[in-house]
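What follows is each chain in one-letter form.
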Amino acid sequence: MRSSYKEKDVIFLLKDITGEVEPQSTEEREQQIQAGRHYCEMLPIEYVPSQKYMEVYQEALKIYAKPTALAVGILADKIIRKKGEQVVLVSLARAGTPIGILLKRYIYKKYNIDVPHYSISIIRGRGIDHNAMKFLLEKYHAKNLLFVDGWIGKGAILGELKKEVAKYQGVSADIAVLADPAKVTNLCGTHEDILIPSSCLNCTVSGLVSRTFLRKDIIGAEDFHGAVYYGELKDSDLSYHFIETIEREFKEKIEFGQSNSNRCNSELCNSNLYQGSGIEEVKKIAQDFNVLDLNLIKPGIGETTRVLLRRVPWKVLISYNCKNDKALTHILRLAEEKAVPIEYYSLKHYKTCGIIKKLADA
């Protein structure tokens, strides 16, 4: 699979389907999804950010590069302690891919270990790419594979992963993420709902690769799941600008690794886990706002951003405690551009939550 990333940073185990699938508008896709068609059978027209939104992104990157780099360092240290030097990073395309690259680079800088890094597809309701798993298990020991994603919202992909990985003896269903506000894993950089700047954009911060695609007329039985390469957007590509901006903040974490490693036992990343606490809050939101389908509720900064970028939003909830939080500036900007109402609400685990509009005519 082509991408704007270098092969030394990541190998995509995906089928290049560029030019084979006609992208659809957000409204068209939303109607079909709510009528029962699976989202993986369609591709969106990529959102082209406005100049004002890009200014907000650049500001977010400036403010949150250091906290993101700190979370990368904390997570990388945990990965080496847990999996050892033979670890193979398997990021979940596409949000996991830039995080996997950052982890790979951090581990090389601090530990002088060049860990392999692949990116594969997992799709909620359709499962993991079994051809990609077969490829990996022919090359590496099952115990060395470690899945990587950007963040956990309410834990749907983690649930999918646990179900799918049970089919592979010796493969762990652990997932390494930068942020886990749902509090379902200790293998994270933080349990805070932090802004990971890559969540603000789509393909232009993910190697110009689309979200993954699975449809029988395009993807054969022996094929990897598919994706499109958006070469026409190469002039807007910020993939390495993002990586290098975060990477510049690694120095402090590596030099002062001992003092920062103590933080791994602090409230930042090892607070008591309440299994399912994120999903319980989602259920309360559903009850309070009369939302019958939990899939329409997307909690956390990363998921709310995705709702605004590629779904049809109904409203955005923001925690009362986060009215002036700069991590939400890009969300306020997107909501303003798309005329999506903001409502302040008592959120406990998350700073914000996006609710997708139920389309009556679907």
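Structure: see above.
Residues numbered from 1 in each chain as written. Predicted model: local features only at pLDDT ≥ 70, side-chain atom pairs only at ≥ 80, totals over all residues. Heavy atoms only, no water.

Student: Give a detailed account of the pairing of strand β12 (residues 313-319), specifying residues and quantitative values.
Tutor: Judged by how many residues are buried, β12 sits mostly within the fold: six of seven residues are covered. Bridge count for β12 against strand β14 (residues 352-356) is five bridges, and the pairing is antiparallel. Each bridged residue has a counterpart across the sheet, and for Leu-317 the counterpart in β14 is Cys-353. In this structure, β12 lies alongside strand β13 (residues 342-345), joined through four bridges in parallel fashion. (Buried < 20%, exposed > 50% of the residue type's maximum accessible area, 1.4 Å probe, protein only. Helix = DSSP H or I, 4+ residues; strand = E, 2+ residues; numbered from the N terminus. Pairing = 2+ DSSP bridges.)

Student: Which residues make up the packing of helix α3 (residues 96-111) against helix α6 (residues 239-247), and what values go with them?
Tutor: Remark: α3 packs on α6, axes separated minimally by 10 Å, with the N-to-C direction vectors making an angle of 40 degrees. Our classification of the angle between α3 and α6 gives oblique. The element α3 and its partner α6 pack so that their crossing is right-handed. Across the interface between the two elements, Pro-98, Ile-101, Leu-102, Arg-105 and Lys-109 from α3 touch Tyr-240, Phe-242, Ile-243, Glu-244, Ile-246 and Glu-247 from α6. (Axes fitted to C-alpha atoms, helices over the stretch in contact; angles between N-to-C directions. Parallel < 35°, antiparallel > 145°, perpendicular 65-115°, else oblique. Left-handed = near helix turned anticlockwise from the far one by under 90°. Contact = heavy atoms within 4.5 Å.)

Student: Could you give an account of the sheet that holds strand β11 (residues 297-299), with specific residues and numbers?
Tutor: Reading across from one edge, β11-β14-β12-β13 is the order of the four strands in this open sheet, with mixed pairing throughout. Because the sheet does not close on itself, it has two edges, and the strands there are β11 and β13. Averaged over neighbouring strand pairs, the angle between their axes works out to 25 degrees when direction is ignored. The strands touched by helix α11 (residues 301-310) are β11, β12 and β14; relative to β14, the strand with the most contacts, the crossing angle is about 35 degrees.

Student: Lay out the packing of aromatic side chains in plain terms, naming residues and giving numbers.
Tutor: Working definition: an aromatic ring pair is given by the centre-to-centre distance plus the angle between the planes. Across all of its chains, the model carries eight aromatic pairs by this definition. An angle of 85 degrees between the planes, with centres 6.2 Å apart, marks the rings of Phe-135 and Phe-224 as edge-to-face. With Phe-135 in helix α4 (residues 130-139) and Phe-224 in the loop between β9 (188-190) and β10 (226-227), this pair connects stretches of sequence that are 89 residues apart. Judged by its relative accessible area of 31%, Phe-135 is partly exposed. We classify Phe-224 as partly exposed; its relative accessible area is 22%. Where Phe-289 meets Trp-314, the ring centres are 6.3 Å apart and the plane angle is 85 degrees; that geometry is what we call edge-to-face. Residue Phe-289 is located in the loop between α10 (277-288) and β11, and its partner Trp-314 is located in strand β12; the two are separated by 25 residues in the primary sequence. Relative accessible area serves as the criterion here: at 12%, Phe-289 is assigned to the buried category. Joined through ring pairs, the aromatic side chains of Tyr-118, Phe-135, Tyr-140 and Phe-224 make up one cluster. Above the ring of Tyr-240, the side-chain terminus of Lys-6 is found at 4.8 Å from the ring centroid. (Phe/Tyr/Trp six-rings, centres within 6.5 Å; stacked < 30°, edge-to-face > 60°. Lys NZ or Arg CZ within 6 Å of the ring centre and 35° of its normal.)

Student: For the nonpolar core, give the residues involved together with the corresponding values.
Tutor: Judged by nonpolar contacts, the single largest core of 63 residues is most densely connected at Tyr-57, Ile-79, Leu-89, Leu-103, Phe-242 and Ile-246. At the level of elements, α2 (51-83), α3, β7 (145-151), β8 (175-179), α6, α11, β12 and α12 (329-337) are the ones that each hand at least two residues to this core. Sort the elements by how many residues they give to this core and α2 lands first, with 13 residues. With sequence-adjacent residues up to four places away left out, Ile-246 is seen in contact with Leu-61, Ala-65, Thr-68, Ala-69 and Leu-102. (Core = buried A, V, L, I, M, F, W, Y, C linked by side-chain atoms within 4.5 Å.)

Student: Can you lay out the pattern of salt bridges for me, pointing to particular residues and giving the numbers?
Tutor: Counted by the stated rule, this structure contains 23 salt bridges. Of the charged contacts, one joins Glu-41 and Arg-126 as a salt bridge, the two residues approaching to 3.2 Å between their closest N and O atoms. With Glu-41 in the loop between α1 (26-34) and α2 and Arg-126 in the loop between β5 (122-123) and β6 (127-128), this residue pair connects regions lying 85 residues apart in the sequence. Overall, Glu-41 belongs to the buried group, its relative accessible area being 18%. Members of the salt-bridge network, linked through shared partners, are Asp-9, Arg-105, Lys-109 and Glu-247. (Salt bridge = Lys/Arg side-chain N within 4 Å of Asp/Glu carboxyl O.)

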